[in-house]
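# Working through the structure, step by step
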Amino acid sequence: MRDVAIIGVGDTKFGELWEHSIRDIGMQAGLSAVIDANIAGEQIEALYIGNMAAGSLIDQEHLGALVSDYSGLSALHIPAVRIEAAGASGGMALREGYIAVASGMHDIVMVAGAEKMTDVTDEEIPTVQMAGGDQQWEGISGATMASLFAMMARRHMHEYGTTREHIASVPVKNHKNGAMNPNAQYQKGITMDTVLKSPMVADPLGVFDCAPISDGAAAVILAPLDIAKKYSEQPIKIVASAAATDTLALQHRESLTRIDSIKVASRKAFKTAGITPKEIDVAEVHDSYSIAEIISIEDLGFFEKGKGGPATLEGMTEINGVVSVNTSGGLKARGDPMGATGVAQAVEIARQLRGKGEKRQVDNAEYGLSLNMGGTGGTSVVHIYRRL
Amino acid sequence: MSNPRYWRENPSRYNLIGRRCENCKGVFFPPREICPKCRRKSLGKMKAYKLTGKGKVYSFTIVHDPMPDFTLMKPYIMAMIEMEEGVRLTGQIVDCEPEKISIGMHVEATLRKLGQEGGSGIIRYGYKFRPV
Amino acid sequence: MMFGHNGKDVGIVTYGAYIPRFRILPEEIARVWGEDGQAMKSGLMIFSKSVPYPDEDVITISVEASRNALARSKIDPEDIGAVYVGSESHPYAVKPSGTIVAEAIGTSHFITVADYEFACKAGTAAVQTSMGLVSSGMVKYALAVGADTSQGAPGDALEYSASAGGAAFIIGREKVIVTINRTLSFTSDTPDFWRREGQPYPSHGGRFTGEPAYFRHVATCAKELMKVQDAKPSDYDFAVFHQPNGKFPTRVAQQLGFEKKQYETGLTTPYIGNTYSASMMIGLSAILDVAKPGQRILGVAFGSGAGSDGFDMTVTDEMASYNRAAAPTVKWFVERSELLDYGRYAKFKGKIVMKE
Ligand SMILES: [Zn+2]
């Protein structure tokens, strides 16, 4: 296996992009990554695109050919494939691209993630999101994705004494970070009071505990590390790529306060990277719901089980805290165009490790981690990155 | 959506028919044909098994932003129920005010409408839960 | 030849009822439509009526009542050979309610099933059919259900009474808790109440539903049944009649010569409204909740259009060992209640036009 590096990154603004179709945003993100990588389109050997739900959102499958075509690559006839793993589609696409380069199959590949969610009405979104869980035995029974995370939150409160304030401190922090990210959907800080008083979605989670409905795309260009310097002054090495699955439905898990796919994927990733959680400076984790960030920072090994809430409330995950979590604003403030999210996480980590985090830059960041999750943790993908 | 997708699950939705692994005695719901513990040893040994319908609330939430078929009932209680047999099911709790629900509450299964395919399509029935 | 049946040893083996927990008061309905709630209440003798939750319909109510019946007995559902569900509010115009009820209670697939409709007496028509099948030996047990989630047009007098509930009787010959000594029906073509195909709400003939319809059929049926049985009102411990409101059954009972102590036990409509196909059957269930071996019961159902089914019944010694406590009593269902305002009632009943 060869070492793999990110040589270029690009993304669109996340949010309600009324004027733009999935073709537009897929192309924009890809183009900016190509320009950033200083390569020509002909050098791209394959395209991997993370997308969760274009089939149900805009009746469009076959995203590989579509994005390749509208990125101007149709005449090059490169292989292109769409990767789907619910909310973890982007992270899984990154992993497929990584495997292709590491294996020697391809040299330069593009990994993109794109989702267009605002072409359907808000009422249709819970059904689309629930497709990342067990539609047949959770969704039809009346469960929404928010309700499943709410049941996890209730158990976390029950078992560890986690409070509503602990949970609410996640979106407060992430909005603070998002306010410093020019591509974030929400660039505005919020108070604890705003979160606590927001309308309920699934008790105890309110509107401000849930990632928004977003459009957006992100892309990275991967290359073998040994030629990466040819293109980029600051290639970012992917030191580990790991993924794990678990039961599709939350009801089959032994515990609701633990996500085993995160534990397994991160354990493997840390082992491959040869480091411990302590060495991570900056992490992008999957705060699709505020409680998910608390469980994630515990299961990734940053904090002891049950201590994720207090750690967040005490500021340990703020920028330049014990570990800087979701400097981009996370899914909550940056936005969560589902299939794009996992790739956007890699983009943010690359920027941080290159020192291009602008106002939200983490001091002297050397190691970064991204955790991209599908559904309630049916899939988790962990990547660890290092500044060279 | 077509009817067969729901029809084939009627035994489980109406009568909580799951599976029991004859190898490890583990009970599963909904039905699955391979036991995750015994895997190959469970082939052909996953027998139909009817749950009693009795259980306790393991976790719950009050849903304010519902799935489309549940709009008229919002806010409604969704819960994860730990059944007597140890297996957990996700379902709505009816005949209970949201402020009265708690972890550990005893519930039993009941049959209710789960939804319908519009005004002219089929009606789906299945289990929900209510306080005992 | 007159329809009738000398029951021999055919009777009710077990029974179960179900009433949704929501209620609305006549004052609340009257408030919305600008009518006099107190006058409606005393005129109809209805103090509240049951309302189904949005996820309840005739099928779910029938399943509940049938499961309650099975809980009280040791009958193997596979021994049930026929399932009849009587209702005027079947969820499907075409596709039987009975097949879903049969599957949900775990019968075998080798059964005969049909849905019945005869306004408010479809449930008792199902009981009579079941008696015939059982006594002829065609089936060992037959399940007869009467259930409705009846509709009254908004603002119509019916809106004060049309409610929801169900009762299920399993008919057999072995270990009967109630012997049906005789059943007898009186039927004529009388258009007092109807609902045309595709119409959401029924129509009725106003006061024409009284004397020529309800009173004529119920009284004639009851009198003829007692005559055939050589019985008089004082021979019965309980009497129960179809209850479109509280007034009609009270008046017909008094006209026939029954006293309050005989008819008050089965009079449930004042608290739950008119459960249509379930009305007399829920009243009878309330009587069976308290009846003792040897007690005799007269039951007369009425369905608009019009006809009455009468039943002369005697509680057997089996009642003493019968597990009545295995399912909730009618009293329990009547007493558990959650009041609705008209807005929530209209939403629950689907009276508000929603976006597709
Ligand atoms: Zn097993």
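Residues numbered from 1 in each chain as written. Chains lettered and ligands numbered in written order. Predicted model: local features only at pLDDT ≥ 70, side-chain atom pairs only at ≥ 80, totals over all residues. Heavy atoms only, no water.

Looking now at the overall build of chain B. Scanning chain B from terminus to terminus reveals two helices and eight strands. Moving toward the C terminus, one meets the helices and strands of chain B in the order α-α-β-β-β-β-β-β-β-β. Its C-alpha atoms give chain B principal-axis dimensions of roughly 45 × 40 × 20 Å. A burial count over chain B gives 53% of its 132 residues as buried. The long-range fraction of contacts in chain B, counting pairs at least 24 apart against all pairs at least 6 apart in sequence, stands at 49%. On chain B, roughly 6000 Å² of surface is accessible, and the fraction owed to carbon and sulfur atoms is 51%. If you average the places of the 24 positive and of the 13 negative side-chain charges in chain B, the two averages end up 8 Å apart. (Helix = DSSP H or I, 4+ residues; strand = E, 2+ residues; numbered from the N terminus. Buried < 20%, exposed > 50% of the residue type's maximum accessible area, 1.4 Å probe, protein only. Contact = heavy atoms within 4.5 Å. Areas by Shrake-Rupley, 256 points an atom, 1.4 Å probe, with all protein chains shown as cover. Lys, Arg positive; Asp, Glu negative; His and termini not counted. Charge placed at Lys NZ, Arg CZ, Asp CG, Glu CD.)

As a further point, take the coordination of the zinc ion. Within the protein, the atoms that donate to the zinc ion are Cys-21 of chain B (SG), Cys-24 of chain B (SG), Cys-35 of chain B (SG) and Cys-38 of chain B (SG), at distances of 2.2 to 2.4 Å. Considering all four donor atoms around the zinc ion, the spread of angles at the metal, 106 to 113 degrees, places the coordination shape in the tetrahedral class. (Donors = N, O, S within 2.8 Å, 3.2 Å for Na, K, Ca; no water. Tetrahedral: all angles 85-135°; square planar, octahedral: opposite > 155°, others 65-115°.)

This brings us to the interface of chain B and chain A. Contacts between the two partners involve 33 residues from chain B and, on the opposite side, 32 residues from chain A. For the pair chain B and chain A, the summed buried surface comes to about 2900 Å²; carbon and sulfur atoms form 58% of the total. Counting across the interface, chain B meets chain A through zero salt bridges. Inspection of the region where chain B meets chain A yields 14 residue pairs in polar contact (both at pLDDT 80 or more). At the level of secondary structure, the elements contributing two or more residues to the side of chain B that touches chain A comprise α1 (4-7), α2 (10-15), β4 (54-63), β5 (76-83), β6 (88-93) and β8 (123-131) of chain B. Counting residues per element, the side of chain B that touches chain A draws most heavily on β4 of chain B, at six residues. Taken together, the residues that form the side of chain B that touches chain A break down as 19 nonpolar, seven polar and seven charged. (Buried area = accessible area lost by both parts, 1.4 Å probe. Salt bridge = Lys/Arg side-chain N within 4 Å of Asp/Glu carboxyl O. Polar contact = N/O pair within 3.5 Å; in protein donor to acceptor, adjacent residues only side chain to side chain. Nonpolar A, V, L, I, M, F, W, Y, C, P; charged D, E, K, R; others polar.)

Our focus in this paragraph is the sheet that holds strand β3 (residues 80-83) of chain A. Pairing between the strands of a sheet comes from backbone hydrogen bonds, and it takes one of two forms, parallel or antiparallel. Residues and elements named next belong to chain A. Here ten strands make up an open sheet; going across it, the order is β3-β2-β4-β7-β1-β8-β12-β11-β9-β10 and the pairing mixed. For this open sheet the edge positions go to β3 and β10 (324-325), each flanked by a neighbour on one side alone. This element, helix α1 (residues 22-37), spans β1 (4-11), β4 (109-116) and β7 (215-224) of the sheet and lies at about 130 degrees to β1. The strands touched by helix α15 (residues 338-353) are β1, β2 (46-50), β4, β7, β8 (236-245), β9 (282-284), β11 (367-374) and β12 (379-387); relative to β7, the strand with the most contacts, the crossing angle is about 55 degrees. (Pairing = 2+ DSSP bridges. Axes fitted to C-alpha atoms, helices over the stretch in contact; angles between N-to-C directions.)

All names here are of chain C. Along its sequence, chain C is carved into domain 1 (4-178 + 327-348) and domain 2 (180-319). Distance from the C-alpha centre of domain 1 to the C-alpha centre of domain 2: 15 Å. Taken together, the 66 residues of domain 1 in the interface contact 55 residues of domain 2. Across the interface of domain 1 and domain 2, roughly 4600 Å² is buried in total on both sides, 64% from carbon and sulfur atoms. Of all residues in domain 1, the largest losses of buried area upon contact with domain 2 belong to Met-45, Cys-120 and Val-178, amounting jointly to 14% of the total for that side. (Domains from an automatic or database assignment.)

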